[in-house]
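Listed below are the residues making up each chain.
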Amino acid sequence: MVRLFINNIDVNFNSYITFNWIHRSDELMRYSVKGYSLKNFLKCSIRNFVFKNPTPFLLSYEITQRCNARCSFCGYWRLKNPSLGLPLDKIKKIFNDSYDLGCVISIITGGEPLLRKDIPEVFKLAKQTGFSTVLLTNGYLLSKRIHEMHRFVDSINVSIDFPDARHDKIRGLPGLLNKTIEGIRLARRYGIAVNINCVVTAQHSLEDIRKLLFMAKELDTTASFEPVFETPVSEGSILGSMSKEDANLLKIRDWSFVRRFTEMLLYYKKNGFGKTVLNTDAFLNITREKRDYTCYPFSTQLGIGYNGDVTSMCVLGVPKGYLGNALKQNLKELWYSENARALREKYRNCKLASKYGCYLLCITEPSLLFTHPSVFLEYVKRVI
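Since the structure is predicted, the reported quantities are computational estimates derived from the model, not experimental observations. (Residues numbered from 1 in each chain as written. Predicted model: local features only at pLDDT ≥ 70, side-chain atom pairs only at ≥ 80, totals over all residues. Heavy atoms only, no water.)

1. So, the pairing of strand 11 (residues 301-304)
The alternating pattern of strand 11 places Gln301 and Gly303 on one face and Leu302 and Ile304 on the opposite face, and all of these are buried. Relative to strand 11, strand 4 (residues 58-62) is paired through 4 bridges, and the arrangement is parallel. Looking at strand 11, one finds that Tyr61 is bridged to Ile304. As defined by bridge partners, strand 11 adjoins strand 12 (residues 309-311) across 2 bridges and the pair is classed as antiparallel. Across the sheet, residue Gly303 finds its bridge partner in strand 12, namely Thr311. (Buried < 20%, exposed > 50% of the residue type's maximum accessible area, 1.4 Å probe, protein only. Helix = DSSP H or I, 4+ residues; strand = E, 2+ residues; numbered from the N terminus. Pairing = 2+ DSSP bridges.)

See below:
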């Protein structure tokens, strides 16, 4: 078996760093930075970038293992007994403890989160805790369920791999693309920020990427792109596994194509699509040149699984980043444990990005904040 990580947990960090003061009477009164606590935002920023004390910005929470898609590259639908996830009382504990640790953004992922009947209550609970909220979805149920939860969702990240019927085929859901576009239009009418994410494979052409970019502009969303990569060990991917034959259809063997599509995105960013392309220049340049970078997958991001397990956000799986369980142990103690510190040091010394093409957007972009000041400046330019 060959394991490939696509974009089950992908989230785009810089689409949520948007500064605007809001006050909503139906929530706890607090000054916010796009819906999340200013206190936590400043605390995380100072601890991470001034005192070099790792404090997570992001909680990435796998709300369920169940999924309605049959993506060729993913194993969720192959599970014999996929878990629906935890009940609300236990989710509340995870939210409270994560917020107390410092998280300011709650990213709800899966599986497919919209399969949970109580998903509006989950997002309401996250907002009441103090989080800015992000939904990761394949989009199939978005138009059906957005009306129930639009007041509690700040941002949506939806996967669109191809601008045509190939998207439905690779995801195993007939009609998926049209339903997703319908859901995106409704979300934008509610004023919810939307990002379209595409994982670029050997099946893509430059024209495919260009069409997706123009689709995003027409839908008034952002778009992000990242190359698919192969994990070196079986534990690397969250669940995704596929046959060698299928993997060979997606695996990028000629990096010159990656150079071409990143150069095209850099060009479009300078020519009318600066607000549409979500990738930062630093990310695109490092990916184009296939360079190593200093990785911080367990400094700005806290990953919690469907059963409360706490893991790093490293998807290569070298080393495996399991720390404990947030329901059975003290989350702060887990985060600042000796094991956690040792893992962070190993990740910082990882030199596998260039070897395996590991440029996962939700890991690379936040990591570059520590080493490339231009990334922060680009975030600021987006919102002024």
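From this point, things continue past the structure.
2. Notes on the sheet that holds strand 9 (residues 222-227)
Strand order in the open sheet formed by 9 strands is 9-8-7-6-5-4-11-12-13, with mixed pairing between adjacent strands. One side of each edge strand has no neighbouring strand; the edge strands of this open sheet are strand 9 and strand 13 (322-325). Within the sheet, the average angular offset between the axes of one strand and its neighbour, ignoring direction, is 25 degrees. Each of strand 8 (193-200) and strand 9 touches helix 9 (residues 255-270); the most contacted strand, strand 9, lies at about 160 degrees to it. (Axes fitted to C-alpha atoms, helices over the stretch in contact; angles between N-to-C directions. Contact = heavy atoms within 4.5 Å.)

3. Remarks on the environment of Leu142
In this fold, Leu142 is placed in helix 4 (residues 142-149). For the pair Leu142 and Ile181, spaced 39 residues apart in the sequence, the C-alpha separation amounts to 9.2 Å. Setting aside chain neighbours within four positions, we find Leu142 in contact with Leu114, Leu135, Ile156, Gly183 and Ile184.

4. Notes on the nonpolar core
Core analysis: the largest hydrophobic core is formed by 91 residues, its most contacted members being Leu59, Tyr61, Phe95, Ile156, Phe225 and Leu302. It is helix 9 that provides the largest number of residues to this core, a total of 8 residues. Residues contacting Phe225, with those up to four places away along its chain left out, are Asn197, Cys198, Val200, Ile209, Leu212, Leu213, Phe261, Leu265, Asn279, Phe283 and Leu361. Of all hydrophobic cores here, the second largest spans 10 residues; its members include Phe73, Tyr76, Phe162 and Leu250. (Core = buried A, V, L, I, M, F, W, Y, C linked by side-chain atoms within 4.5 Å.)

5. Considerations on helix 4
Burial in helix 4 covers these residues: Leu142, Ser143, Arg145, Ile146 and Met149. For helix 4, the angular spread of the buried residues around the axis is 170 degrees, confining them to a single face. (Arc of directions from axis to C-beta.)

6. Details of the confidence of the model for the protein chain
Mean pLDDT over the protein chain stands at 84; residues scoring 70 or higher make up 84%. This model gives residues 1-13 a pLDDT under 50, and the stretch forms 76 contacts once residues within four places in sequence are excluded. This model gives residues 234-240 a pLDDT under 50, and the stretch forms 24 contacts once residues within four places in sequence are excluded. (pLDDT = per-residue confidence, 0-100.)

7. Quick look at the side chain of Thr287
Residue position: Thr287 is located in helix 10 (residues 281-289). In this structure the side chain of Thr287 is engaged in a polar contact, spanning 2.8 Å, whose partner is the backbone oxygen of Phe283. Excluding residues that lie within four positions of it along the chain, Thr287 makes contacts with Pro227, Trp255, Val258, Thr262 and Tyr359. (Polar contact = N/O pair within 3.5 Å; in protein donor to acceptor, adjacent residues only side chain to side chain.)

8. Let's talk about the packing of helix 10 against helix 14 (residues 361-368)
The relative placement of two packed helices is expressed as an angle between their axes plus a distance between the axes. Two elements in contact, helix 10 and helix 14, have axes separated by 10 Å at closest approach and are oriented at 115 degrees. Here helix 10 runs over helix 14; the crossing is right-handed. Contact with helix 10, carried on its side by Ala282, Phe283 and Ile286, involves Leu361, Thr364, Glu365 and Leu368 of helix 14 and no other residues of that element. (Left-handed = near helix turned anticlockwise from the far one by under 90°.)

9. Observations concerning the pattern of salt bridges
Applying the stated criterion across every chain, the model contains 16 salt bridges. Measuring nitrogen to oxygen at the nearest pair gives 2.5 Å for the salt bridge that ties Arg166 to Asp208. Residue Arg166 is located in helix 5 (residues 166-171), and its partner Asp208 is located in helix 7 (residues 206-219); the two are separated by 42 residues in the primary sequence. According to the relative accessible area criterion, Arg166 is partly exposed, its value standing at 32%. The salt bridge partner of Glu207 is Arg210, with a shortest N-O separation of 2.6 Å. (Salt bridge = Lys/Arg side-chain N within 4 Å of Asp/Glu carboxyl O.)

10. Quick look at unusual backbone geometry
Residue Gly111 is bonded to the preceding Gly110 through a cis peptide linkage, with omega at 20 degrees. The topology assignment puts Gly111 in the loop between strand 5 (105-109) and helix 3 (119-129). Of note in this structure, Asp220 is not a glycine but carries a positive phi near 60 degrees. Secondary-structure assignment places Asp220 in the loop between helix 7 and strand 9. One non-glycine residue with positive phi stands out, namely Lys290, at about 50 degrees. Tracing the sequence through the fold places Lys290 in the loop between helix 10 and strand 11.

11. Comments concerning the packing of aromatic side chains
A complete count under the given rule lists 12 aromatic pairs for this structure. Aromatic pair Phe214 and Tyr268: ring centres 5.9 Å apart, planes at 85 degrees, arrangement edge-to-face. With Phe214 in helix 7 and Tyr268 in helix 9, this pair connects stretches of sequence that are 54 residues apart. Owing to a relative accessible area of 35%, Phe214 belongs among the partly exposed residues under this scheme. Their ring planes at 35 degrees and their centres at 6.1 Å tell us that Tyr293 and Tyr359 sit as a pair that is tilted. With Tyr293 in the loop between helix 10 and strand 11 and Tyr359 in the loop between helix 13 (353-356) and helix 14, the pair connects residues that are 66 residues apart, well separated along the chain. (Phe/Tyr/Trp six-rings, centres within 6.5 Å; stacked < 30°, edge-to-face > 60°.)

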